[in-house]
Amino acid sequence: MKYILVTGGVISGIGKGIIASSVGTILKSCGLHVTAIKIDPYINIDAGTFSPYEHGEVFVLDDGGEVDLDLGNYERFLDIRLTRDNNLTTGKIYQSVINKERRGDYLGKTVQVVPHITDAIQERVMRQAKVSVDDDGIEPEVCVIELGGTVGDIESMPFIAAFRQFQFKVKRENFCNIHVSLVPQPNSTGEQKTKPTQNSVRELRGLGLSPDLIVCRCSTPLETAVKEKISMFCHVEPEQVICIQDVSSIYRVPLLLEDQGMLEFFCRRLDLSIEMRPRKMLTKWKEMSDRSDRLLEQTSIALVGKYTKLSDSYASVIKALEHSALAINYKLEVKYIDSADLEPAALQEEPVKYHEAWQKLCSADGVLVPGGFGVRGTEGKIQAINWARRQKKPFLACLCVFILTAFFLTDANSTEFDPETKHPVVIEMPEHNPGQMGGTMRLGKRRTLFKNTSSFLRKLYGDAEYVDERHRHRFEVNPELKQHFEDRGFRFVGQDLEGERMEIIELDDHPYFVGVQYHPEFTSRPIKPSPPYFGLLLAASGKLQNYLQKGCRLSPRDTYSDRSGSSSPDSEISEIKFPSLS
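The rules we used
- Residues numbered from 1 in each chain as written.
- Predicted model: local features only at pLDDT ≥ 70, side-chain atom pairs only at ≥ 80, totals over all residues.
- Heavy atoms only, no water.
- Helix = DSSP H or I, 4+ residues; strand = E, 2+ residues; numbered from the N terminus.
- Buried < 20%, exposed > 50% of the residue type's maximum accessible area, 1.4 Å probe, protein only.
- Areas by Shrake-Rupley, 256 points an atom, 1.4 Å probe, with all protein chains shown as cover.
- 1 Å grid on protein atoms, 1.4 Å probe; cavity = no way out; pocket = protein on both sides within 12 Å on 5 of 7 lines; lining within 4 Å.
- Points joined across faces, edges and corners; volume = space filled by probe spheres on them.
- Axes fitted to C-alpha atoms, helices over the stretch in contact; angles between N-to-C directions.
- Left-handed = near helix turned anticlockwise from the far one by under 90°.
- Contact = heavy atoms within 4.5 Å.
- Nonpolar A, V, L, I, M, F, W, Y, C, P; charged D, E, K, R; others polar.
- Salt bridge = Lys/Arg side-chain N within 4 Å of Asp/Glu carboxyl O.
- Pairing = 2+ DSSP bridges.
- Core = buried A, V, L, I, M, F, W, Y, C linked by side-chain atoms within 4.5 Å.

Enquirer: Go over the overall build of the chain, please, and point to the residues and values.
Expert: If you tally the helices and strands in the chain, you get 21 helices and 21 strands. Across the 582 residues in the chain, those meeting the buried criterion constitute 58%. Accessible area for the chain stands at about 24000 Å²; split by element, carbon and sulfur atoms hold 49% of it.

Structure representation (structure tokens):
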């Protein structure tokens, strides 16, 4: 097993997740089996109880793990399926060590950070690195580990200490450290500054880790003199200083790393026995990136949500939209609208924001209303949904908010917002434990059965009888009201295995009006777009009916080859074809 540790310095949010994903992509393009682990030094057990404004969206895995959004990047870049144990937190480590101490596993010894916490970290990493993440069940050969935060943070010290020991346990030829640092370029001088990187590397080396590669994040390509200066002061060869400047698409990052000889370095440093041949997977990535830059036609989607001040709050949603827009050869414009700005109260309190929000909504080609918790902004979401319904605008939404617009009783409500409502349209699920917030929702991959052969979504899924998608919700549509909705033109075309929970709803006499209980964005891939999002973009660009009339010969799931789950990237990527919709 080869381990590649990615650390960061100077500031957080510098792009470690994208760089870690890109490193894995390069190695997978050579036929290696690659897995990824994200370490978050916070004390939370998982990301499930975070506000999206804290760390961005909460990404959900097949097994129901609520994890950091970087695991979404790993899955999208590498086309793998991770588990909750691929996200390691301080809370998980301390919880496991304290449980052992309570059981008496330490035989009366004093339990300390070193060696007990550091040993637990190493054991977790080594155990999880062996878990297969590909459909073929083969054990990974390379594990990319991203350590969140920045070097010097007090909460990450136990992890740095653990990897200081770990590099000797697994031997030098099996361990490599990539340090990601910022090279700022102040507008006042225009000069690229190396001092932050020097200080960051000095601190890392003082803690016992010496970087093998220094990846410099900068706004413009690194000058040769600057690269040589970093090399001289950071104790690495100039070839070990890699530049990642700002690029038009994150999917260009693997190409940048490969162009600067990163793969050749890994072959030497980690003694990888791989054949240096043209890699079709990276060729396809280049074609996809070039194609994205050349797009001329544009379509716009209004994203009406509660957390629009931070785009990372909807990271997977935005990626799913981008994947679908690329598949139909359109540039994507996302119009972020705070749902609270659409409410009548906003007209009195902040009329400028109110009119700007409605102008954005009215000028969009399609409308997307993602899920959210709490009552704030819900009325604005309902206003947007009703508008899209009346104006025949292509529309996709979270089912629970969607369904409130279909009920015509003035006091109809969700028990989330009004536990005492006389007409509970949306209700709390019976198995939910209201006494504990973390990990108590309906989470992970669940099967949805299609009940209607004429459904838009069924056709977009390739006329499948069922789909397996990821869920994250505490509330559901009241099943007793199913007939009421269907009498008003709403069709429940998808249900769970027991036929009790409503999963998919469509509206008759509308170009594309769809609500889903699950989160299809979590399984979208760059060249395998999510069908609900693909349908939204097709409808927004006016091409859905033409696509359906052709029999959906190239459904979204077929934009990969049939071997999309295999771990042989060259064979699966070489057959990619995008739908021809002209």
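Enquirer: Describe the layout of surface pockets, listing the residues and the values that go with them.
Expert: Considered as a void within the structure, the largest pocket measures approximately 1000 Å³ in volume. Of all elements in the fold, only helix H1 (16–28), strand E2 (34–40), helix H2 (52–55), helix H3 (70–78), strand E9 (241–245) and helix H12 (315–327) reach the threshold of two or more residues within the lining of the largest pocket.

Enquirer: Hey, could you go over the packing of helix H4 (residues 90–103) against helix H5 (residues 113–129) for me, with residue numbers and the actual values?
Expert: One way to put it is that H4 packs onto H5 with a least axis distance of 10 Å and a crossing angle of 115°. Viewed along their axes, H4 and H5 form a crossing whose handedness is right-handed. Here Lys 92, Ile 93, Tyr 94, Ser 96, Val 97 and Lys 100 of H4 come into contact with H5, specifically with Val 113, His 116, Ile 117, Ala 120, Ile 121, Glu 123 and Arg 124. For the contact of H4 with H5, a count of residues per class yields seven nonpolar, two polar and four charged.

Enquirer: Please provide a residue-by-residue account of the pattern of salt bridges, values included.
Expert: Scanning the entire structure with this criterion turns up 30 salt bridges. Residue Asp 70 is joined to Lys 38 by a salt bridge in which the shortest nitrogen-to-oxygen separation is 3.1 Å. Separated by 32 residues along the polypeptide, Asp 70 in helix H3 and Lys 38 in strand E2 bring together distant segments of the chain. Comparing Asp 70 with Lys 38 shows no difference in burial state: the two are buried. Between Arg 472 and Glu 66 there is a salt bridge, with the nearest N and O atoms lying 2.8 Å from each other. Residue Arg 472 is located in strand E17 (residues 466–473), and its partner Glu 66 is located in strand E4 (residues 66–67); the two are separated by 406 residues in the primary sequence. Under the relative-accessibility criterion, Arg 472 is labelled buried at 14%.

Enquirer: Hey, could you go over the sheet that holds strand E8 (residues 213–218) for me, with residue numbers and the actual values?
Expert: Strand order in this open sheet of seven strands is E5-E2-E6-E1-E7-E8-E9, and the pairing throughout is parallel. Both edges of this open sheet fall to strand E5 (87–89) and E9, since each of them pairs with a single strand only. Each strand axis lies, on average, 20° off the axis of its neighbour in the sheet, ignoring direction. Relative to E5, E2 is paired through three bridges, and the arrangement is parallel. Residue pairing across strands places Asp 40 opposite Thr 89, the latter belonging to E5. Helix H7 (residues 195–206) contacts strand E1 (2–8), strand E7 (175–182) and E8 of the sheet and is inclined by roughly 145° relative to E7.

Enquirer: Talk me through the nonpolar core; I want residue IDs and the actual numbers.
Expert: For soluble globular proteins, nonpolar side chains are generally found buried alongside one another. Counting residues in each nonpolar core, the largest one holds 54 residues, and the members touching the most others are Ile 4, Val 23, Leu 27, Ile 178, Met 262 and Phe 266. Sort the elements by how many residues they give to this core and H1 lands first, with six residues. Setting aside residues up to four positions removed in sequence, Phe 266 forms contacts with Ile 4, Val 23, Leu 27, Cys 176, Ile 178, Leu 213, Asp 271 and Leu 272. Leu 396, Leu 457, Tyr 518 and Leu 536 belong to the second largest nonpolar core, which has 38 residues in total.

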